[in-house]
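# Notes for the structure review
The chain contents come next:
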Amino acid sequence: MGNALEAGYRLFDTAAVYGNEEAVGSAVRSSYVPRKEIFLTTKLWVQDAGYDSTLKAFEASLKRMKLEYLDLYLIHQPFGDIYGAWRAMERLYREGAVRAIGVSNFSPERLVDLCMNHELKPMVNQIEIHPFFQQGEALRVMKDYGIVPQAWGPLSEAQRDIFHHKVLSRIAQKHGRTTAQIILRRHYQRGVVTIPKTIHQNRMTENLDIFDFTLTEKEMESIGGMDIGHSEMIDHRCYYTARQLNSVKIHGDMLP
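Residues numbered from 1 in each chain as written. Predicted model: local features only at pLDDT ≥ 70, side-chain atom pairs only at ≥ 80, totals over all residues. Heavy atoms only, no water.

## Describing the sheet that holds strand S5 (residues 124–128)
Stated precisely, the cut-off is as follows: Between any two strands, at least two bridges found by DSSP are needed for them to pair. Strands are runs of DSSP state E lasting at least 2 residues, helices are runs of H or I lasting at least 4, and numbering of each runs from the N terminus.
The sheet built from seven strands is open, its strands ordered S1-S2-S3-S4-S5-S6-S7 with parallel pairing. The open sheet has two edge strands with one neighbour each: strand S1 (11–13) and strand S7 (193–194). In this sheet, strand S3 (residues 72–75) lies alongside strand S2 (residues 39–44) in parallel orientation, the contact comprising four bridges. Across the sheet, Lys43 pairs through a bridge with Leu74, a residue of S3.

## Some thoughts on the pairing of S3
For clarity, the threshold we go by: Three exposure classes are used, based on accessible area relative to the maximum for each residue type with a 1.4 Å probe and protein chains only: buried under 20%, partly exposed in between, and exposed over 50%. With the strands aimed away from the viewer, a crossover counts as right-handed if its path from the first strand over the helix to the second runs clockwise.
Where burial is concerned, the two faces of S3 agree: the one with Leu72 and Leu74 and the one with Tyr73 and Ile75 are both buried. Crossover connection from S2 via helix H3 (residues 51–65) to parallel S3: handedness right-handed. As paired elements, S3 and strand S4 (residues 101–104) share three bridges and run parallel to each other. Bridge pairing in S4 links Leu74 to Gly102. Once you follow S3 into helix H4 (residues 82–94) and on to S4, the crossover reads as right-handed.

## Some remarks on the packing of H4 against helix H5 (residues 108–116)
Keep this limit in mind: Whenever a helix is involved, its axis is fitted only over the stretch in contact; in every case the axis is a line through C-alpha atoms, and angles between N-to-C directions fall within 0 to 180 degrees. An angle below 35 degrees is treated as roughly parallel, one above 145 as roughly antiparallel, one from 65 to 115 as roughly perpendicular, and anything else as oblique. Left-handed describes a crossing in which the near helix is turned anticlockwise from the far one by less than a right angle; the clockwise case is right-handed. Whether two residues touch is decided by their heavy atoms; if any such pair falls within 4.5 Å, the residues are in contact. Amino acids outside the nonpolar list (Ala, Val, Leu, Ile, Met, Phe, Trp, Tyr, Cys, Pro) and the charged list (Asp, Glu, Lys, Arg) are all regarded as polar, and Gly is one of them.
One way to put it is that H4 packs onto H5 with a least axis distance of 11 Å and a crossing angle of 55°. Between H4 and H5, the angle falls in the class oblique. Classified by chirality, the crossing of H5 by H4 is right-handed. Of H5, the residues touching H4 (which contributes Ile82, Tyr83 and Trp86) are Arg110, Asp113 and Leu114. Per-class residue counts for the contact of H4 with H5 are four nonpolar, no polar and two charged.

## As for the packing of aromatic side chains
Stated precisely, the cut-off is as follows: The pairing test for Phe, Tyr and Trp rings, Trp by its six-membered ring, is centres within 6.5 Å, and the orientation test on the planes gives stacked under 30 degrees, edge-to-face over 60, and tilted for anything in between.
One pass over the full model with this rule turns up three aromatic pairs. For the pair Phe58 and Tyr73, a centre-to-centre distance of 5.0 Å together with 70° between the ring planes defines the contact as edge-to-face. With Phe58 in helix H3 and Tyr73 in strand S3, this residue pair connects regions lying 15 residues apart in the sequence. Tyr73 matches Phe58 in its accessibility class, with the two residues each being buried.

## Some details on the pattern of salt bridges
The test is simple: Between Lys or Arg on one side and Asp or Glu on the other, a salt bridge is scored when a side-chain nitrogen of the former is within 4 Å of a carboxyl oxygen of the latter.
Applying the stated criterion across every chain yields a total of 11 salt bridges. Of the charged contacts in the structure, one is a salt bridge between Lys43 and Asp13, with a shortest N-O distance of 2.6 Å. Here Lys43, found in strand S2, pairs with Asp13, found in strand S1; they are 30 residues apart in sequence, far enough to count as distant. Relative accessible area serves as the criterion here: at 1%, Lys43 is assigned to the buried category. Judged by relative accessible area, Asp13 falls into the partly exposed class, the value being 24%. Notably, a salt bridge pairs Arg91 with Glu95, separated by 3.0 Å at the nearest N-O pair. For Arg91, a relative accessible area of 37% puts it in the partly exposed group. Counted as one network, the salt bridges with shared partners bring together Arg35, Asp71 and Arg99.

What follows is the structure, encoded as C-alpha coordinates:
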(Lines give C-alpha, C1' and ligand atoms only; values in the text may rest on other atoms or scores of the structure.)
Protein backbone atom coordinates (compact mmCIF):
# COMPACT_ATOMS: atom_id res chain seq x y z
CA MET A 1 0.00 0.00 0.00
CA GLY A 2 2.93 2.31 0.64
CA ASN A 3 4.04 2.00 -2.98
CA ALA A 4 0.52 2.81 -4.14
CA LEU A 5 0.39 5.95 -1.99
CA GLU A 6 3.78 6.98 -3.37
CA ALA A 7 2.48 6.48 -6.92
CA GLY A 8 -0.49 8.75 -6.20
CA TYR A 9 -3.28 6.32 -5.36
CA ARG A 10 -5.76 7.58 -2.80
CA LEU A 11 -8.64 5.07 -3.04
CA PHE A 12 -8.12 1.71 -1.31
CA ASP A 13 -10.50 -1.22 -1.23
CA THR A 14 -10.62 -3.94 1.40
CA ALA A 15 -13.20 -6.20 3.05
CA ALA A 16 -13.76 -8.19 6.21
CA VAL A 17 -13.49 -11.44 4.25
CA TYR A 18 -10.08 -10.47 2.81
CA GLY A 19 -8.51 -10.69 6.25
CA ASN A 20 -6.29 -7.64 5.73
CA GLU A 21 -8.19 -4.83 7.42
CA GLU A 22 -5.60 -4.55 10.20
CA ALA A 23 -2.76 -4.18 7.69
CA VAL A 24 -4.67 -1.61 5.63
CA GLY A 25 -5.56 0.40 8.72
CA SER A 26 -1.95 0.36 9.87
CA ALA A 27 -0.78 1.61 6.47
CA VAL A 28 -3.32 4.44 6.54
CA ARG A 29 -2.37 5.50 10.07
CA SER A 30 1.36 5.46 9.38
CA SER A 31 1.15 7.17 5.98
CA TYR A 32 2.50 10.67 5.33
CA VAL A 33 -0.74 11.30 3.41
CA PRO A 34 -3.41 12.94 5.62
CA ARG A 35 -6.35 10.65 6.46
CA LYS A 36 -8.84 13.07 4.86
CA GLU A 37 -7.10 12.60 1.49
CA ILE A 38 -7.47 8.80 1.55
CA PHE A 39 -10.74 7.17 0.48
CA LEU A 40 -11.05 3.84 2.25
CA THR A 41 -13.64 1.16 1.50
CA THR A 42 -14.44 -2.02 3.37
CA LYS A 43 -17.28 -4.51 3.05
CA LEU A 44 -19.80 -6.42 5.12
CA TRP A 45 -19.63 -10.19 4.67
CA VAL A 46 -22.70 -12.40 4.12
CA GLN A 47 -22.36 -14.00 7.56
CA ASP A 48 -22.92 -10.60 9.20
CA ALA A 49 -25.88 -9.40 7.14
CA GLY A 50 -28.77 -8.28 9.37
CA TYR A 51 -29.48 -5.12 11.35
CA ASP A 52 -27.75 -5.81 14.68
CA SER A 53 -25.00 -7.97 13.21
CA THR A 54 -24.15 -5.29 10.63
CA LEU A 55 -23.68 -2.68 13.34
CA LYS A 56 -21.41 -5.08 15.23
CA ALA A 57 -19.48 -6.01 12.09
CA PHE A 58 -18.91 -2.35 11.26
CA GLU A 59 -17.54 -1.65 14.72
CA ALA A 60 -15.33 -4.73 14.44
CA SER A 61 -13.90 -3.49 11.14
CA LEU A 62 -13.19 -0.05 12.60
CA LYS A 63 -11.56 -1.69 15.61
CA ARG A 64 -9.33 -3.83 13.42
CA MET A 65 -8.29 -0.80 11.35
CA LYS A 66 -8.06 1.48 14.41
CA LEU A 67 -9.79 4.29 12.51
CA GLU A 68 -12.51 6.71 13.54
CA TYR A 69 -14.60 6.52 10.37
CA LEU A 70 -14.84 4.89 6.94
CA ASP A 71 -15.34 6.54 3.59
CA LEU A 72 -17.43 3.78 1.99
CA TYR A 73 -19.11 0.70 3.46
CA LEU A 74 -20.52 -1.91 1.08
CA ILE A 75 -22.72 -4.98 1.38
CA HIS A 76 -20.26 -7.40 -0.18
CA GLN A 77 -22.68 -9.94 -1.67
CA PRO A 78 -26.44 -9.91 -2.46
CA PHE A 79 -27.15 -12.75 -0.02
CA GLY A 80 -28.34 -13.12 3.55
CA ASP A 81 -30.42 -10.47 5.33
CA ILE A 82 -29.44 -7.62 3.03
CA TYR A 83 -32.50 -5.56 3.97
CA GLY A 84 -31.72 -5.56 7.66
CA ALA A 85 -28.11 -4.83 6.76
CA TRP A 86 -29.13 -1.88 4.61
CA ARG A 87 -31.23 -0.32 7.37
CA ALA A 88 -28.21 -0.54 9.66
CA MET A 89 -26.02 1.06 7.00
CA GLU A 90 -28.53 3.89 6.61
CA ARG A 91 -28.17 4.48 10.35
CA LEU A 92 -24.36 4.46 10.17
CA TYR A 93 -24.48 6.97 7.33
CA ARG A 94 -26.87 9.30 9.14
CA GLU A 95 -24.73 9.15 12.28
CA GLY A 96 -21.63 10.11 10.30
CA ALA A 97 -19.71 6.91 10.99
CA VAL A 98 -19.31 6.41 7.25
CA ARG A 99 -19.27 8.99 4.46
CA ALA A 100 -21.03 6.80 1.88
CA ILE A 101 -22.81 3.45 1.70
CA GLY A 102 -23.35 1.05 -1.14
CA VAL A 103 -23.44 -2.51 -2.38
CA SER A 104 -21.29 -4.92 -4.33
CA ASN A 105 -22.19 -7.60 -6.87
CA PHE A 106 -25.86 -6.56 -7.05
CA SER A 107 -27.48 -7.35 -10.39
CA PRO A 108 -29.97 -4.80 -11.79
CA GLU A 109 -33.12 -6.41 -10.38
CA ARG A 110 -31.64 -6.77 -6.89
CA LEU A 111 -30.43 -3.19 -7.02
CA VAL A 112 -33.80 -1.78 -8.11
CA ASP A 113 -35.63 -3.76 -5.42
CA LEU A 114 -33.30 -2.38 -2.75
CA CYS A 115 -33.73 1.18 -4.03
CA MET A 116 -37.52 0.99 -4.11
CA ASN A 117 -37.89 -0.36 -0.58
CA HIS A 118 -35.59 1.92 1.41
CA GLU A 119 -35.19 5.62 2.09
CA LEU A 120 -31.59 5.85 0.94
CA LYS A 121 -30.33 4.45 -2.35
CA PRO A 122 -26.91 2.84 -2.59
CA MET A 123 -24.34 5.44 -3.60
CA VAL A 124 -22.05 2.86 -5.23
CA ASN A 125 -22.46 -0.58 -6.77
CA GLN A 126 -19.15 -2.39 -7.14
CA ILE A 127 -19.45 -5.09 -9.81
CA GLU A 128 -17.34 -7.01 -12.29
CA ILE A 129 -16.82 -4.83 -15.39
CA HIS A 130 -14.18 -5.28 -18.10
CA PRO A 131 -14.04 -5.57 -21.91
CA PHE A 132 -15.27 -9.17 -21.89
CA PHE A 133 -18.19 -8.37 -19.54
CA GLN A 134 -19.23 -4.77 -20.07
CA GLN A 135 -22.49 -4.71 -18.09
CA GLY A 136 -24.39 -2.27 -20.31
CA GLU A 137 -27.78 -2.93 -18.69
CA ALA A 138 -26.35 -2.61 -15.17
CA LEU A 139 -24.77 0.73 -16.05
CA ARG A 140 -28.03 2.04 -17.49
CA VAL A 141 -29.93 1.07 -14.34
CA MET A 142 -27.32 2.68 -12.09
CA LYS A 143 -27.52 5.86 -14.13
CA ASP A 144 -31.32 5.90 -13.73
CA TYR A 145 -30.94 5.74 -9.95
CA GLY A 146 -27.94 8.02 -9.61
CA ILE A 147 -25.63 5.23 -8.42
CA VAL A 148 -21.89 5.33 -9.14
CA PRO A 149 -20.60 2.18 -10.88
CA GLN A 150 -17.29 0.85 -9.62
CA ALA A 151 -15.47 -1.95 -11.43
CA TRP A 152 -13.72 -4.81 -9.71
CA GLY A 153 -11.52 -6.81 -12.05
CA PRO A 154 -11.42 -3.89 -14.54
CA LEU A 155 -8.55 -5.57 -16.41
CA SER A 156 -10.45 -8.90 -16.44
CA GLU A 157 -7.78 -10.41 -14.18
CA ALA A 158 -5.83 -11.08 -17.38
CA GLN A 159 -8.27 -13.72 -18.63
CA ARG A 160 -8.40 -14.58 -22.36
CA ASP A 161 -4.90 -13.11 -22.77
CA ILE A 162 -6.47 -9.65 -22.75
CA PHE A 163 -3.19 -7.75 -22.73
CA HIS A 164 -2.41 -9.13 -26.19
CA HIS A 165 -5.91 -8.87 -27.64
CA LYS A 166 -5.69 -7.68 -31.24
CA VAL A 167 -8.34 -4.95 -30.90
CA LEU A 168 -6.74 -3.46 -27.79
CA SER A 169 -3.21 -3.86 -29.14
CA ARG A 170 -4.09 -2.00 -32.34
CA ILE A 171 -5.64 0.91 -30.43
CA ALA A 172 -2.77 0.96 -27.93
CA GLN A 173 -0.21 1.15 -30.73
CA LYS A 174 -2.06 4.06 -32.32
CA HIS A 175 -2.02 6.07 -29.06
CA GLY A 176 1.43 4.96 -27.93
CA ARG A 177 -0.07 3.38 -24.80
CA THR A 178 -0.31 -0.02 -23.18
CA THR A 179 -3.37 -2.20 -23.52
CA ALA A 180 -4.06 -1.76 -19.80
CA GLN A 181 -4.14 2.01 -20.25
CA ILE A 182 -6.59 1.65 -23.14
CA ILE A 183 -8.90 -0.52 -21.02
CA LEU A 184 -8.78 1.87 -18.06
CA ARG A 185 -9.32 4.90 -20.30
CA ARG A 186 -12.45 3.29 -21.74
CA HIS A 187 -13.81 2.68 -18.26
CA TYR A 188 -13.16 6.33 -17.45
CA GLN A 189 -14.99 7.52 -20.56
CA ARG A 190 -17.95 5.30 -19.64
CA GLY A 191 -18.12 6.90 -16.20
CA VAL A 192 -16.93 3.78 -14.38
CA VAL A 193 -14.66 4.08 -11.33
CA THR A 194 -11.95 1.41 -11.41
CA ILE A 195 -9.91 -0.35 -8.75
CA PRO A 196 -7.13 -2.08 -10.71
CA LYS A 197 -5.00 -4.48 -8.69
CA THR A 198 -1.23 -4.74 -9.05
CA ILE A 199 1.80 -5.12 -6.82
CA HIS A 200 4.22 -3.64 -9.37
CA GLN A 201 5.24 0.00 -8.85
CA ASN A 202 5.69 0.72 -12.56
CA ARG A 203 2.21 -0.59 -13.35
CA MET A 204 0.70 1.50 -10.55
CA THR A 205 2.17 4.59 -12.20
CA GLU A 206 1.09 3.39 -15.63
CA ASN A 207 -2.50 2.81 -14.50
CA LEU A 208 -2.79 6.45 -13.38
CA ASP A 209 -1.41 7.85 -16.62
CA ILE A 210 -4.63 7.81 -18.66
CA PHE A 211 -5.87 11.39 -18.53
CA ASP A 212 -4.01 13.03 -21.41
CA PHE A 213 -5.58 11.16 -24.33
CA THR A 214 -9.09 10.27 -25.50
CA LEU A 215 -10.49 7.24 -27.29
CA THR A 216 -12.60 7.99 -30.35
CA GLU A 217 -16.19 6.83 -30.64
CA LYS A 218 -15.09 4.24 -33.18
CA GLU A 219 -12.43 2.92 -30.82
CA MET A 220 -14.95 2.75 -27.99
CA GLU A 221 -17.29 0.75 -30.24
CA SER A 222 -14.50 -1.58 -31.34
CA ILE A 223 -13.78 -2.48 -27.72
CA GLY A 224 -17.52 -2.83 -27.19
CA GLY A 225 -17.42 -5.70 -29.67
CA MET A 226 -15.28 -7.72 -27.26
CA ASP A 227 -18.19 -8.21 -24.85
CA ILE A 228 -19.20 -11.88 -24.44
CA GLY A 229 -22.19 -10.89 -22.27
CA HIS A 230 -21.47 -12.95 -19.18
CA SER A 231 -18.88 -13.50 -16.49
CA GLU A 232 -16.34 -16.29 -16.69
CA MET A 233 -15.34 -15.70 -13.05
CA ILE A 234 -18.54 -15.91 -11.00
CA ASP A 235 -22.30 -15.95 -11.61
CA HIS A 236 -24.19 -14.33 -8.75
CA ARG A 237 -27.54 -15.43 -10.17
CA CYS A 238 -26.82 -19.16 -9.81
CA TYR A 239 -27.88 -21.21 -6.80
CA TYR A 240 -24.45 -22.73 -6.32
CA THR A 241 -22.89 -19.28 -5.95
CA ALA A 242 -25.40 -18.42 -3.22
CA ARG A 243 -24.72 -21.75 -1.52
CA GLN A 244 -20.96 -21.34 -1.76
CA LEU A 245 -20.81 -17.76 -0.48
CA ASN A 246 -23.28 -18.39 2.34
CA SER A 247 -21.03 -21.25 3.45
CA VAL A 248 -17.98 -19.02 3.92
CA LYS A 249 -17.59 -18.14 7.61
CA ILE A 250 -15.03 -15.55 8.65
CA HIS A 251 -15.49 -15.79 12.43
CA GLY A 252 -17.29 -17.77 15.14
CA ASP A 253 -20.84 -17.12 16.29
CA MET A 254 -19.86 -14.02 18.26
CA LEU A 255 -18.11 -11.02 16.75
CA PRO A 256 -15.19 -9.60 18.76
